[in-house]
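Observations on the model geometry
Here is how the chains run, residue by residue.
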Amino acid sequence: MDRTKKMWWLLGACVAGAFFILGFVGKEIWRQAPPIPERVVAESGAPLFTRDDIQDGQQVWQSMGGQQVGSIWGHGAYQAPDWSADWLHRECVALRDEWARREHGRPFAELDEAAQAALTARLPAAQRTNRYDPASGTLTVSDARAAAIAEVAAHFDALFGGAPELAGLRESYALAEAPLPDPQRRAKLAAFFFWTSWACTTERPGAAVTWTNNWPHEPLVANRPSGANVAWSVVSVVLLLGVIGALLWRRAFRSEPEEAVAAPRSDPLGRVAMTPSMRACAKYLGVVVLLFVVQVVLGAVTAHYTVEGQGFFGFPLGKWLPYAVTRTWHIQTGVFWIATAFLAAGLFLAPLVGGREPRFQRLGVNVLFGALLVVVFGSLAGEWLSIDQRLGLDAGFWFGHQGYEYVDLGRAWQIGLFVGLVLWLVLMLRGLWPALQGGGRPRSVVAMFALASAAIGLMYAAGFFFSARTHLSVMEYWRWWVVHLWVEGFFEVFATAALAFLFTRMGLVKEESAGRAVVASTGLYLVAGIPGTFHHLYFSGTPTPVMAVGASFSALEVVPLVLIGLEAFHTWRLQHAAPWMARWRWIVIFFLGVAFWNLVGAGLFGFLINPPLALYYMQGLNTTPVHGHTALFGVYGLLALGLVLVVGRVMTGERRWNTRALRYAFWGMNGGLALMVALSLLPIGLAQTVASVDHGLWYARSAEFLQQPWLQKLRWLRLIGDTLFLLGVGCFAWFMVGLKTGWSLAAEEEPEPAALPSARAA
């Protein structure tokens, strides 16, 4: 068995083992999820909530935007509170007051210090004791706690019902004036918020930790990091340092010499015969640019809402486009344009890889384009209708808003998108089939290209394994299959294979060595990345093994990102491999930007929040969008734009580009992203972390903390980075339009190079 075959067998075994771990621990998540009581009653027998109330409340939460309006268990938006932490703190305060009135005849604030300390000391036992009866499905609470629950429910009824006295708080939360006009929906929402808080503060049977592993930090109920949290955090750091050290040691002392490759005299991609389906991909690029521009404008509006509530420089824009809508659209259009760029690049490259144009390929490309437009604009309209409370709860889930980040689009639109992805996969395999048949040539790059295409087409189906009333812990498990595996895993493998094909087609890298490199890098991505999915689920009502597996493997996710930084140097050298590589210079620079943000955004900022102890205090704070922005745009956004430029470069043949706008675009977008993080998001996130450690998560997310003048100034400072970023996006759009109109093209073709230089394999 040759070396390449051994690598394939090893990759297959490792990926199978990784998915086995993901499935086995997933079964434990389902088995050990926090129970949803059939009924919640007071000791006096008075009914409070039923299971249907809680699950109806989950659907109400979904209908108003779900994770786009505050967060639950740390997952969601960052402007409004984390509702589970907020309810928990308010209930504790209300319970102390209720005890004080019942036992001392006056409010808690009027008691002396000793009496206050005595009542506060009773809270942990009162809140953490598990009083759920599995046999009857009944959760019993004390009469005093029932009164506290009613008081907190009344607060949320007033908040979401538009009570005038809470108008200032709604503005601080960037909530619409009356997000839930229906009082029955508000009552159901309170039941759901109570249950999510109950899971945070109630201990698992036979354990000294709550259902959410003692998250959030709340001193009033003795919620603090568990021993397992600390231990697995240490293990993750040691694993990271050990594996990086071992790989760098091997790399430094490996004996395999790099193979010299003679570069072709002219650009092999400079005069590609364009097929009908390849030309049909041009309109995809237009949609990518349009959605990209719309997404960043929506992001700017959403960021501005954090300082003006529902206003935009004094204009009441939130009446028509509230925060929940703009944030939903900002995330969804981001997913759409990045995915469309990958789909377009795949469709464009497939005939190039396969060597011929399959029959009716152009028709398939056009049908897919129409279907994607229907899904994009239909889903955006449905999300607005749902958040505006114009749809019933079931209809809202199917045609409006599912309530979960990155899979916000209604289920019907989600099915439509999946059908489109399957059609794309069929078109891809038809185009790749001749190359997959081989003909005696190395096929590793093509095979990985095909497998990554299959994964992109099929892995999105994981989003169908939950419904509107699926348990929140189980839903989060499947949602992260889509977000982490589909986006962060297989899209990166697809891009790696696509770039390897391009460099081999250019004659700069040998096919055999490129194939081995693709298989090896894919192994590193997936072996760590598949079980690493669990680092999103430490505190989502999951058992301790989730923390152990997630902490260990998510630390290893940083390893391939370090190696990508080393490989970026080799990629940079390719631009000097031949004179004609000058026309690819800025495309190579875009891919270098991907390598930089992979290391900094995905690696450094990702590991900042990934160890369980760090995430315990940072989950749901602005440290998360630091990682989110630098990884999603810095890695996948720049990667998508780079692929768009590849398609544009091949389409324009040997015509020279006027790259001034492209230069401004690259530095504007990257400089704006860096300033956005350095001047605003990261300082706010670190300030929140200190507040979370000192006082609890509820305070770090509260209006009392976030509306302080100095924090508002930090939010205004984001305007500097946002403006520079928007200018960069405008330059990119101008350049891409110029490829169609001609202003981004030079007047004459490039002369043929006189020399025949050589390059080394990457």
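Once that is clear, we can look at the overall build of the chain. Summing up its helical and strand segments, the chain has 26 helices and ten strands in all. Across the 762 residues that make up the chain, the buried fraction comes to 62%. Put simply, of all contacts in the chain between residues at least 6 apart along the chain, 78% involve residues at least 24 apart. A total accessible area of about 28200 Å² is found for the chain, and carbon and sulfur atoms account for 66% of it. Where the 58 positive side-chain charges of the chain centre and where its 52 negative ones centre are 11 Å apart.

Moving on to the sheet that holds strand E6 (residues 138–141). A sheet is described by the order of its strands in space; here four strands give the open sequence E2-E1-E6-E5, paired in mixed fashion. Both edges of this open sheet fall to strand E2 (47–50) and strand E5 (132–133), since each of them pairs with a single strand only. Its contacts with the sheet put helix H2 (residues 51–63) on strand E1 (39–42) and E2, and the angle it makes with E2 is roughly 55°. Helix-sheet contacts for helix H5 (residues 143–161) involve E1, E2 and E6, and the interaxial angle to E6 is about 95°.

Ranked by size, the top nonpolar core spans 241 residues in total, and within it Trp83, Phe160, Phe193, Trp486, Met669 and Phe732 carry the most contacts. It is helix H16 (residues 472–505) that provides the largest number of residues to this core, a total of 24 residues. Beyond its immediate stretch of four places on either side in the chain, methionine 669 contacts Phe292, Phe590, Phe633, Leu641, Phe725, Gly728, Val729 and Phe732.

It is worth spelling out the packing of aromatic side chains at this point. Enumeration according to the criterion identifies 52 aromatic pairs in this entry. Pairing phenylalanine 160 with phenylalanine 193 gives two aromatic rings, centres 6.3 Å apart and planes at 55°, and the pair type is tilted. Of the two residues, phenylalanine 160 is situated in helix H5 and phenylalanine 193 in helix H7 (residues 183–201); the sequence distance between them amounts to 33 residues. Side by side, phenylalanine 160 and phenylalanine 193 carry an identical accessibility label, which is buried. Looking at arginine 411, its charged tip hangs above the ring of phenylalanine 466, at a distance of 5.4 Å from the centre.

Our focus in this paragraph is helix H23 (residues 660–695). An α-helix turns once every 3.6 residues. As a result, residues three or four positions apart point the same way. If you check H23, its first and last C-alpha atoms are 51 Å apart, about what 36 residues at 1.5 Å a residue would give, namely 52 Å. For H23, the principal kink sits at valine 677 and spans about 40°. Two residues or fewer after H23 comes glycine 696, characterised by a positive phi angle close to 120°.

Attention now moves to the pattern of salt bridges. Applying the stated criterion to the full structure yields 22 salt bridges. Notably, a salt bridge pairs arginine 583 with aspartate 267, separated by 3.0 Å at the nearest N-O pair. Linking arginine 583 in the loop between helix H19 (558–574) and helix H20 (585–609) with aspartate 267 in the loop between strand E7 (260–262) and helix H9 (276–280), this pair joins segments that are 316 residues apart in sequence. Judged on exposure class, the residue arginine 583 and its partner aspartate 267 are both buried. The network of salt bridges with shared partners includes Asp52, Asp53, Asp56, Lys188 and Arg469.

Glancing now at the packing of helix H3 (residues 83–104) against H5. Orientation of H3 relative to H5, taken along the N-to-C sense of each, is 130°, at an axis distance of 8 Å. In terms of orientation, H3 and H5 fall into the oblique class. Relative to H5, the crossing made by H3 is right-handed.

Helix length check: helix H18 (residues 544–556) (13 residues) gives 19 Å between terminal C-alpha atoms against 18 Å at 1.5 Å per residue, within 8%. What H18 keeps buried is the set Val546, Met547, Ala548, Val549, Gly550, Ala551, Ser552, Ser554 and Ala555.

Secondary-structure assignment places tyrosine 616 in helix H21 (residues 612–618). On a C-alpha basis, the gap between tyrosine 616 and arginine 505 in space is 47 Å, while along the polypeptide they are 111 residues apart. Aside from chain neighbours lying at most four places away, what touches tyrosine 616 is Asn213, Asn214, Trp215, Pro216, His217, Asn223, Arg224, Pro225, Asn229 and Phe539.

A cis amide bond, omega 0°, links tryptophan 215 with the succeeding residue proline 216. With respect to the helices and strands, the residue proline 216 is situated in the loop between H7 and helix H8 (227–253). The phi dihedral of phenylalanine 360 falls on the positive side, at around 65°, and the residue is not glycine. Looking at where phenylalanine 360 falls in the secondary structure, it is placed in the loop between helix H11 (323–354) and helix H12 (361–387). Assessed through its relative accessible area of 58%, phenylalanine 360 is described here as exposed.

A few words on the pairing of E6. Alignment of E1 against E6, held across four bridges, turns out to be parallel. Within E6, the position partnered with arginine 39 by the bridge is threonine 138. Alignment of E5 against E6, held across two bridges, turns out to be antiparallel. Following the sheet pairing, aspartate 133 is matched in E6 by threonine 138. Between E5 and E6, which follow one another and run antiparallel, lie four residues, and glycine 137 among them has a positive phi close to 75°.

This brings us to the environment of alanine 700. With respect to the helices and strands, the residue alanine 700 is situated in helix H24 (residues 697–700). Setting aside residues up to four positions removed in sequence, alanine 700 forms contacts with Leu621, Gln688, Ala691, Ser692, Phe705 and Leu706.

As a further point, take the confidence of the model for the chain. When pLDDT is averaged across the chain, the result is 90; 93% of the residues are at 70 or more. Contacts from residues 750–762, a stretch scored under 50 in pLDDT, to residues over four places away or in other chains number 42 contacts.

What counts, and where the lines are drawn
Residues numbered from 1 in each chain as written. Predicted model: local features only at pLDDT ≥ 70, side-chain atom pairs only at ≥ 80, totals over all residues. Heavy atoms only, no water. Helix = DSSP H or I, 4+ residues; strand = E, 2+ residues; numbered from the N terminus. Buried < 20%, exposed > 50% of the residue type's maximum accessible area, 1.4 Å probe, protein only. Contact = heavy atoms within 4.5 Å. Areas by Shrake-Rupley, 256 points an atom, 1.4 Å probe, with all protein chains shown as cover. Lys, Arg positive; Asp, Glu negative; His and termini not counted. Charge placed at Lys NZ, Arg CZ, Asp CG, Glu CD. Pairing = 2+ DSSP bridges. Axes fitted to C-alpha atoms, helices over the stretch in contact; angles between N-to-C directions. Core = buried A, V, L, I, M, F, W, Y, C linked by side-chain atoms within 4.5 Å. Phe/Tyr/Trp six-rings, centres within 6.5 Å; stacked < 30°, edge-to-face > 60°. Lys NZ or Arg CZ within 6 Å of the ring centre and 35° of its normal. Expected span 1.5 Å × (residues − 1). Bend = angle between axes of the 7 residues up to and from the residue. Salt bridge = Lys/Arg side-chain N within 4 Å of Asp/Glu carboxyl O. Parallel < 35°, antiparallel > 145°, perpendicular 65-115°, else oblique. Left-handed = near helix turned anticlockwise from the far one by under 90°. pLDDT = per-residue confidence, 0-100.

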